[in-house]
Amino acid sequence: MPHVRVAVVGSGFGGLGAAVRLRREGVTDFVVLERAGSVGGTWRDNSYPGCACDVPSHLYSFSFAPHPDWPRTFSGQEHIRAYLEHVTDVFGLRPHLRLDTEVTLMRWDGERLRWEIETSGGGLTADIVVSATGPLSEPRVPEIPGLDSFPGKVFHSARWDHDYDLRGKRVAVVGTGASAIQIVPSIQPDVARLTLFQRTPPWVMPRVDRAIGGLERGLHRALPFTARLRRGLLWGIRELQVQAFTRHPEELGFVERLAERNMARAIKDPELRARLTPDYRIGCKRILLSSTYYPALARPNVDVVSSGLAEVRGSTAVAADGTEAESDAIVFGTGFHVTDMPIAERVVGADGRTLAEVWKNGMGALRGASVCGFPNWMTIIGPNTGLGNSSMILMIESQLNYLADFLRQSATLGGRVALDARQGAVDAWNHTVQERMKRTVWNTGGCTSWYLDAEGRNTTVWPGTTTEFRNATRRVDLAEYQVLRAPAPTAAGPGAPLPCPWVDTGIEESA
């Protein structure tokens, strides 16, 4: 069975970033395991009409791989995917890729201090696993009675059926998240009728998007510091905004008024405007950006149903309030499995439990990366590393710093070693995060969002600035880890780490 120093799972921004960082640290004995036939992660999977990023292009890219030729201030899916292919080529990652190779099981071997990995392409072992599957990788389709017998077409936004022609069709769109507000205006001009099933209206701000001209791009190519300055300004503005989200949600009232004016410009019907006005604080759910969503909803071939889809009867989509819509196609823009990531069911730790079992009472990881009982296993975009107003690439790069120091610390210790996060360190980190979370808009804003798990815990978002997170992940503190060395038989078993009974998310008040 082949063996590598590091196995990276996933080839989106997190996986490719990890691969680049490994090479920069002098580690070349690694593979990137990807279940699909190409790189790109969520930007490969999401190819629905109108798919684009809501973070400015120059901030939604690696700092170590600046791209002076972004064609627009907010890039479309095809441009971001092309950028990731470019990064793969420029940094020589192709030889490390194992495409069409889905990981089916990862099991820790405490005797040999390594991970046994089963994939659709065969088995391998690795000293360290970097899980970069991302939270936006597994589409979530709600269980709707009668959906299986629907005679028309059904698909999720992340699995768009490009062979199905929506022109002239009656289309039901379920959901009002970031995908739906891009899909609706993109397909509205072509469909016969569009019915939007809206469980909760979003707050929507204008998307100030424009083409970046040749002169501007030429300037960034000739004088790279101008692109760095642009990125720095975009970053700095968002850092200043964080306080309103994390400490002073009451300050967001001004932003709500701007959003209401944005709606009023396009929606003249007061009854429709009332249905589209949220009843929670702006920012509690992610603020969406679009200059075409509201105009599309005002068109005569669009109906907005102020209720979620509850049932399907034949070709009729039925809302929870009884509203019916004859439909030829149903498109789900209902998000992803974020707080119950399926990859967790495929990771088996030192005591034989899966990561899903350990996380059954809520996800939690030391500095968003390490979990007790899962030695030499790190996750990129782990629990409480999400952002509500800035670029996830900033958080990914911070976690790559942590990964790099993890490798250095392991090498410094010498011999065959593994690092396992101590339960006390995991608990302390998560308690601090959750205490800070209590006053944020995501917890106090009066909404139910995908940031929250089934128990209402916010295990998704980081309650601070990206600078704070970067400082917290700059170095690995060995005091937070148990060092496992070459095995010696003990009563607890060879190479057995200290027990890790559960992950305490720190939600409850301390005694």
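For the structure, see preceding data.
Calculation notes
- Residues numbered from 1 in each chain as written.
- Predicted model: local features only at pLDDT ≥ 70, side-chain atom pairs only at ≥ 80, totals over all residues.
- Heavy atoms only, no water.
- Helix = DSSP H or I, 4+ residues; strand = E, 2+ residues; numbered from the N terminus.
- Buried < 20%, exposed > 50% of the residue type's maximum accessible area, 1.4 Å probe, protein only.
- Contact = heavy atoms within 4.5 Å.
- Axes fitted to C-alpha atoms, helices over the stretch in contact; angles between N-to-C directions.
- Parallel < 35°, antiparallel > 145°, perpendicular 65-115°, else oblique.
- Left-handed = near helix turned anticlockwise from the far one by under 90°.
- Nonpolar A, V, L, I, M, F, W, Y, C, P; charged D, E, K, R; others polar.
- Pairing = 2+ DSSP bridges.
- Polar contact = N/O pair within 3.5 Å; in protein donor to acceptor, adjacent residues only side chain to side chain.
- Right-handed = clockwise from strand over helix to strand, strands pointing away.
- Salt bridge = Lys/Arg side-chain N within 4 Å of Asp/Glu carboxyl O.
- Core = buried A, V, L, I, M, F, W, Y, C linked by side-chain atoms within 4.5 Å.

A.B. asks: Before we go on, may I ask you to explain the overall build of the protein chain in this structure?
C.D. replies: The helix and strand tally for the protein chain stands at 14 helices and 20 strands. Each principal axis of the C-alpha atoms in the protein chain carries an extent, and together these give about 75 × 55 × 50 Å. Looking at the protein chain residue by residue over its 511 residues, the buried ones come to 56%. Sequence-distant contacts, at least 24 apart, represent 73% of the contacts inside the protein chain between residues at least 6 apart.

A.B. asks: Whenever I open this one, the packing of helix 1 (residues 13-24) against helix 11 (residues 392-413) confuses me. Can you help?
C.D. replies: In helix packing, the relevant descriptors are the interaxial angle and the interaxial distance, both defined with respect to the helix axes. Interaxial distance between helix 1 and helix 11 falls to 10 Å at its minimum, and their mutual angle equals 40°. As the angle between them shows, helix 1 and helix 11 are arranged oblique. Judged by the twist between their axes, the crossing of helix 1 over helix 11 is right-handed. Contact residues: Phe13, Gly14, Gly17, Ala18, Arg21 and Leu22 in helix 1; Ile393, Ile396, Leu400, Asn401, Leu403, Ala404, Leu407 and Arg408 in helix 11. Of the residues in the contact of helix 1 with helix 11, the class split is nine nonpolar, three polar and two charged.

A.B. asks: Quick question: what am I supposed to make of the pairing of strand 4 (residues 103-109) here?
C.D. replies: Counted residue by residue, strand 4 has five buried out of seven residues, so it is predominantly covered. Pairing between strand 4 and strand 5 (residues 114-119): six bridges, direction antiparallel. Directly across from aspartate 109, in strand 5, lies its bridge partner arginine 114. Hairpin connection of strand 4 to strand 5: four residues between the antiparallel strands, including leucine 113 at a positive phi of 50°.

A.B. asks: Teacher, can you tell me more about the sheet that holds strand 8 (residues 170-174) here?
C.D. replies: In a beta sheet, neighbouring strands are held together by backbone hydrogen bonds and run either parallel or antiparallel to one another. The sheet built from five strands is open, its strands ordered 7-16-8-9-12 with parallel pairing. The open sheet terminates on both sides in strands that have one partner only, identified here as strand 7 (153-156) and strand 12 (302-305). Neighbour-to-neighbour, the strand axes of this sheet turn through a mean angle of 15°, independent of strand direction. Where strand 7 lies against strand 16 (residues 329-332), four bridges are found, and the strand directions are parallel. The partner of lysine 153 across the bridge, within strand 16, is alanine 329. Each of strand 8, strand 9 (193-197) and strand 16 is contacted by helix 4 (residues 180-187), which is oriented at about 165° to strand 8, the strand it contacts most.

A.B. asks: Sorry, what's going on with the side chain of glutamine 182 here?
C.D. replies: Residue position: glutamine 182 is located in helix 4. Residue class for glutamine 182 comes out buried when judged on its relative accessible area of 12%. Polar side-chain contacts of glutamine 182 include one of 3.0 Å to the backbone oxygen of alanine 52. Here glutamine 182 is in contact with Tyr48, Pro49, Gly50, Cys51 and Ala52, once residues within four sequence places are set aside.

A.B. asks: I keep staring at the sheet that holds strand 14 (residues 316-319) and nothing clicks. Help me out?
C.D. replies: If you trace the three strands from one edge of the open sheet to the other, you get 13-14-15, paired in antiparallel fashion. Edge positions in the open sheet fall to strand 13 (309-313) and strand 15 (324-326), since each of these has one partner strand only. Geometrically, the sheet is characterised by an average inter-axis angle of 25° between neighbouring strands, direction not taken into account.

A.B. asks: What am I meant to see in the pairing of strand 8 here?
C.D. replies: The side chains of a regular strand alternate, residue by residue, between the two faces of the sheet. Across the five residues that make up strand 8, a large majority, four, are buried. As paired strands, strand 8 and strand 9 are joined by five bridges and run parallel to one another. Directly across from valine 171, in strand 9, lies its bridge partner leucine 194. With helix 4 bridging strand 8 and the parallel strand 9, this β-α-β connection has right-handed handedness.

A.B. asks: Sorry if this is basic, but what is going on with the environment of valine 31 here?
C.D. replies: Within the secondary structure layout, valine 31 lies in strand 2 (residues 30-33). Residue valine 31 is classed as buried on the basis of its relative accessible area of 5%. In this structure the C-alpha to C-alpha distance between valine 31 and arginine 5, which are 26 residues apart in sequence, comes to 8.7 Å. With near-sequence residues (within four places) excluded, valine 31 lies in contact with Val4, Val6, Ala7, Val8, His96, Arg98 and Leu124.

A.B. asks: Looking at this structure, how should I read the pattern of salt bridges?
C.D. replies: Any two side chains of opposite charge can pair if their charged atoms end up close together. Evaluated as defined, the whole model comprises 32 salt bridges. Residues glutamate 311 and arginine 313 are paired through a salt bridge, measuring 3.3 Å at the closest nitrogen-oxygen approach. Under the relative-accessibility criterion, glutamate 311 is labelled partly exposed at 29%. According to the relative accessible area criterion, arginine 313 is partly exposed, its value standing at 43%.

A.B. asks: Honestly, the nonpolar core in this entry has me stumped. Any pointers?
C.D. replies: In terms of nonpolar packing, the biggest core is built from 105 residues, with Val6, Phe13, Ile187 and Leu297 touching the most fellow members. Per-element accounting of this core gives the leading share, 10 residues, to helix 11. If we skip the residues at most four places from it in the chain, leucine 297 touches Val184, Leu196, Ile267, Leu272, Leu276, Val302 and Val304. Core analysis: the second largest hydrophobic core is formed by 28 residues, Val9, Met341, Val371 and Trp377 among them.

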